[in-house]
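Overview (structure and organization)
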Amino acid sequence: MTHLVEPTRQGVLHYEPTTAAIERRAPAERRLRDVQAIFADRLACQSLLTTNPLIYRVTQVEDHNGEGDIHYGIGMLMPGKVGREYFMTKGHIHAWRPAAEVYIGLRGRGMMLLEDERTGECLAVELTANSTVYVPGYTAHRTVNVGDEPLVYWGVLSSAAGHDYGAVAERNFRLVVVEKDGQPVVMERVDFLAELQGAQA
Ligand SMILES: [Fe+2]
């Protein structure tokens, strides 16, 4: 005898790893106009705004909100650059600061910028297909696509974590990931801004 039940009631959802779509879920899209303030090169940003490309798409599953429950979401970050700076997410820190998160790479080649709010320590780590990144609590995190195909990944975290975008938007991240001689390099933002000013003077 077969018992057919609504899949989501059993916690089953199907997703598409190449497009980051989840069945019956509406993705949120961020285009360059939505996130332009995060990029350092204002001139390059202005010229790209004429086409206002898609930067990333996120689909969240936040069905369960009781004590001990989990939220998760899939992100697809497009390949591309604003000037020399690779496409990236706005980044955030969790509203409940101790909440950690695990990122699970499905497709593409990327990096994550991690910045500890308490110590100021900054780190850039790889996020690629078939790798995971553990983001500890109190740590702002941003995803960067340094490859030439979409970067697709899951994020899984406590349902109590919440997202604080404002704290990160005020100061941006201290590190940037930029292209140099065809390769991604990690730099201090102040040094990159000085290079830009020199190049545009
Ligand atoms: Fe997060």
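Since we're looking at a predicted model, the values are computed, not measured. (Residues numbered from 1 in each chain as written. Predicted model: local features only at pLDDT ≥ 70, side-chain atom pairs only at ≥ 80, totals over all residues.)

This part takes up the sheet that holds strand β9 (residues 109–116). Reading across the sheet, the three strands line up as β10-β9-β12 and stay open at both edges, with antiparallel pairing between neighbours. Two strands in the sheet have a free side with no partner beyond their single neighbour: β10 (122–128) and β12 (139–145). Each adjacent strand pair in this sheet contributes to an overall mean axis angle of 25 degrees, direction not counted. Pairing between β9 and β12: seven bridges, direction antiparallel. By the bridge assignment, Leu114 is partnered in β12 with His141. (Pairing = 2+ DSSP bridges. Helix = DSSP H or I, 4+ residues; strand = E, 2+ residues; numbered from the N terminus. Axes fitted to C-alpha atoms, helices over the stretch in contact; angles between N-to-C directions.)

Taken in spatial order, the six strands line up as β3-β4-β5-β13-β8-β11 in an open sheet, and their pairing is antiparallel. Looking along the sheet, the strands with just one partner apiece sit at the ends: β3 (28–31) and β11 (132–135). Across the sheet, the mean angle from the axis of one strand to that of its neighbour is 20 degrees, orientation sign disregarded. Pairing between strand β5 (residues 70–77) and strand β13 (residues 151–158): eight bridges, direction antiparallel. Following the sheet pairing, Tyr72 is matched in β13 by Val156.

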